[in-house]
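Residue-level structure breakdown
Here is how the chains run, residue by residue.
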Amino acid sequence: MTNHKKLKDRTLGEAMRSQGISRRSFLKFCAATASMMALPPSMIPAIASALEKARKPSVIWLSFQECTGCTESLTRSHTATIENLIFDSISLDYHHTLQAASGEAAEQAREEAMRENWGEYLLVVDGSIPTKDMGYSTIAGISNLDMFLQTAAGAAAIISVGTCAAFGGIPHAKPNPTGAYSVYDIIKMYGNAELDGISSASIKNNSGGSVHDKPIITVPGCPPIPVVITGVLTHYLTFGTIPELDHLGRPKAFYGQSIHDRCYRRPFYDKGLFAETFDDEGAKKGWCLYKLGCKGPTTYNACATTKWNNGTSFPIESGHPCLGCSEPHFWDGGGFYKALAIPTIDIPTTVVYAAAGATAAGVALGALNQSKKKNAIKQHTKTTIDDLENE
Amino acid sequence: MSEIEFLNWVRGPGFEIATVIFIAGVIIRVLEIFLLGRKNNLAEARGSEMNGGLHTIVSRSIPDKNTFQRSTFKIVSGYVFHLGLLITIFFYAPHILLFKEILGFSWPSLPSAVVDAFAVITIITLIAVLIHRLRDRVLRFLSTTEDYLVWFLTIAPLITGYMAFHRIGMTAPSLLAIHILSVELLLIAFPFTKLMHAFTLVIARWYNGAISAYRGVQS
């Protein structure tokens, strides 16, 4: 019976069984997910049960000004994983890069998914949204802004995947030529007269839904860790709610601690043992990469715990400092290889100019004082007793 | 402004503004002192000005017995917090990186835990110094707003630095940004307050020693 069901009507458990995923592997995934989300072990059966029965909500994935790195990150596993299955075998009703359809057919699929699941589908966005000129980025002739607002209006929740959607990303970097903004900013600014070309007609046509009150989950990273995306989805499927978020809308379970605090090289930082270059003795011994520009101390992400490539390693483990890619404006924070303690501007030059200018000013003031003093001495007249007697 | 934008600002334009005010202010004030000029002393020198001056720079760092007995707390606490400041400012690895960027050379750092301990000792001592200032009627009478401002500007980077290191109360970028900002405020106030003693201390001590030596008296 199960096999005859339409793909989208199947529960996750049925879909997994049809893909040959064993129950043991499935439970291992549930245990790992519970652990990552800091849930007690007693929640594992609940997660398993909820996931097995879950009919995955329709997921619409919109890609705007992005590099496809986020999709690459999520789909480029060497072997198929349960995370992949959860992610792409059932949920996706629309994804520019992954779908076979194109042009009007693709847009029709999106509209159909929206109509069928209005108010219930999850909207995943990667890429930032340009606001300066709607022509900067369009899909099937629809501006990114219009498409986003149309689709967001009917979404149950929005997941901003990647730093571009979460915080504006590379397109938002100074001088931000396209006027790119994050999903959160667009929602916040919607209706702001400064934004050009917004058409809200399509939203009204659909259902009159508002985009202002949509819950937004940000999953930043350049790219984000795949397991974090599936973790967020799992949480939603299990509990029907969005996970606990931090002040930037990031799930606390994954972004609750800094890279620095969970870094296996932290003891070297505490001992004052640092790699000075990428090939010195310190680098070979695996010492702390702070001096090489590591942004771990100011970056919140799960890299140090969940790691990448099926738990193989994370950048610091490969000898490269953390770039801080899951934080806003990480590209405008000076060079990637400049330590956090070093100012982003050229301080030595500032010091030289300030010192030269001050010396010149100081000497000039000194000379002025000297000249005043000399004048005073010159103008000094002596008064003798004779002068006084004559008066 | 987001916390990372704030951090980027204090690491960029904010730091530039503070550096320019600090460097220019200190140089102008020191030059002002040197260029005041002194009258030629026509009396015959009874000793070497240079030797006397150098001797006083060192000897004034050691309190005499009577002074120490009279003001034990002031002298001990003064030493403790000055040494604590020296260690926390100049021997913490990230701080040394900043000095290397500006000066072009560096020196070995102390383990973070050691610097952390000194920071705590310094904070406690500075609080004790303030309590002493407030409890001593004469000291309180003599204290001006500037004295309290300078105390605040000195302890603020220590407290914010301690909080940033231990991630207390806020997110790491905010804590680091506030720490850097507190240092910038200290740098800006430095040339215009009694914090200038860090530079004028040597000049004043040398001058006292030099004039005494010229006259052939003990300084």
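Residues numbered from 1 in each chain as written. Chains lettered and ligands numbered in written order. Predicted model: local features only at pLDDT ≥ 70, side-chain atom pairs only at ≥ 80, totals over all residues.

Another point: the overall build of chain B. A count of helical and extended segments in chain B gives 11 helices and zero strands. Along its sequence from the N terminus, chain B presents helices and strands in the succession α-α-α-α-α-α-α-α-α-α-α. Counting only C-alpha atoms, chain B reaches 65 × 40 × 35 Å along its principal axes. Long-range pairs, those at least 24 residues apart, make up 77% of the contacts in chain B between residues at least 6 apart in sequence. (Helix = DSSP H or I, 4+ residues; strand = E, 2+ residues; numbered from the N terminus. Contact = placed C-beta atoms within 7 Å.)

Per the secondary structure count, chain A includes 19 helices and nine strands. Counting only residues that meet the buried cut, chain A has 43% of its 391 residues in that class. Residue pairs at least 24 apart in sequence account for 72% of intrachain contacts in chain A once pairs closer than 6 positions are excluded. (Buried ≥ 20, exposed ≤ 12 C-beta atoms within 10 Å, placed from the backbone.)

All right, on to the pairing of strand S1 (residues 59-63) of chain A then. Within S1(A), five of the five residues are buried, leaving the element largely enclosed by the surrounding structure. Residue alternation in S1(A) divides its side chains into two sets, A:Val59, A:Trp61 and A:Ser63 and A:Ile60 and A:Leu62, and both sets are buried.

This paragraph deals with the pairing of strand S7 (residues 155-161) of chain A. All names here are of chain A. Of all seven residues in S7, five are buried, a share of seventy percent or more. Two elements, strand S3 (residues 121-126) and S7, share six bridges in a ladder whose sense is parallel. Within S7, the position partnered with Leu 122 by the bridge is Ala 157. (Pairing = 2+ DSSP bridges.)

Let us now look at helix H18 (residues 347-379) of chain A. Over its 33 residues, H18(A) runs 47 Å from end to end, which matches the ideal 48 Å to within 8%, given 1.5 Å per residue. For H18(A), every residue scored as buried is listed here: A:Ala354, A:Ala358 and A:Gly362. Residues of H18(A) that are buried make contact with helix H2 (13-34) of chain B. (Expected span 1.5 Å × (residues − 1).)

What follows deals with the packing of H2(B) against helix H10 (residues 172-189) of chain B. All names here are of chain B. The contact between H2 and H10 brings their axes to 8 Å, and the two run at 20 degrees. Comparing the axis directions of H2 and H10 gives the class roughly parallel. For the pair H2 and H10, the crossing hand works out as left-handed. Across the interface between the two elements, Gly 14, Phe 15, Ala 18, Thr 19, Ile 21 and Phe 22 of H2 pack against Ile 180, Leu 181, Glu 184, Leu 187 and Ile 188 of H10. Within the contact of H2 with H10, the residues separate by chemical class into eight nonpolar, two polar and one charged. (Axes fitted to C-alpha atoms, helices over the stretch in contact; angles between N-to-C directions. Parallel < 35°, antiparallel > 145°, perpendicular 65-115°, else oblique. Left-handed = near helix turned anticlockwise from the far one by under 90°. Nonpolar A, V, L, I, M, F, W, Y, C, P; charged D, E, K, R; others polar.)

Residue and element names in this part refer to chain A. Taking 1.5 Å as the rise per residue, helix H6 (residues 103-116) with 14 residues should run 20 Å; its terminal C-alpha atoms sit 20 Å apart, in good agreement. Taken together, the buried positions of H6 are Arg 110, Ala 113 and Met 114. For H6, the arc enclosing every buried residue in end-on projection is 100 degrees, short of the 170-degree limit, so these residues lie on one face. Away from its buried face, by an angle of more than 90 degrees, H6 presents the exposed residues Glu 104, Ala 105, Arg 115 and Glu 116. (Arc of directions from axis to C-beta.)

What follows concerns the packing of H18(A) against H2(B). Packing of H18(A) against H2(B) brings their axes to within 8 Å, and their N-to-C directions diverge by 30 degrees. Judged by the angle between their axes, H18(A) and H2(B) are roughly parallel. The element H18(A) and its partner H2(B) pack so that their crossing is right-handed. The class makeup of the residues in the contact of H18(A) with H2(B) is 15 nonpolar, six polar and two charged.

Now for the environment of B:Pro173. As for its position among the elements, B:Pro173 is in helix H10. Distance in space between the C-alpha atoms of B:Pro173 and B:Ala113 is 21 Å, their sequence separation being 60 residues. Non-local contacts of B:Pro173, meaning those with residues more than four positions away in its chain, are made with A:Thr298, A:Glu327, B:Glu3, B:Ile4 and B:Leu7.

Turning our eyes to something else, we now look at the interface of chain B and chain A. Listed by partner, the interface residues are 34 residues for chain B and 39 residues for chain A. The element that contributes the greatest number of residues to the side of chain B that touches chain A is H2(B), accounting for 10 residues. Along the lines of polarity and charge, the residues of the side of chain B that touches chain A split into 21 nonpolar, eight polar and five charged.

To continue, consider the confidence of the model for chain B. Per-residue pLDDT for chain B has a mean of 93; in total, 100% of the residues score no lower than 70. For this predicted complex, the interface score ipTM comes out at 0.82, alongside a pTM of 0.81. (pLDDT = per-residue confidence, 0-100.)

Another point: unusual backbone geometry. Note that the residue after A:Lys174, namely A:Pro175, is joined by a cis bond; omega there is 5 degrees. By the element assignment, A:Pro175 lies in the loop between helix H9 (169-172) and strand S8 (180-181). Here the bond from A:Cys222 into A:Pro223 is cis, since omega is 0 degrees, no more than 30 degrees from zero. Assignment of secondary structure puts A:Pro223 in the loop between strand S9 (216-219) and helix H12 (226-239). Unusually for a residue other than glycine, A:His329 sits at a positive phi of about 60 degrees. Following the sequence through the fold, A:His329 ends up in the loop between helix H17 (303-306) and H18. Located in the positive-phi region is B:Arg167, a residue other than glycine, with phi close to 55 degrees. Following the sequence through the fold, B:Arg167 ends up in the loop between helix H9 (145-166) and H10. In this structure B:Arg167 comes out as partly exposed when scored by C-beta crowding, with 16 C-beta atoms within 10 Å.

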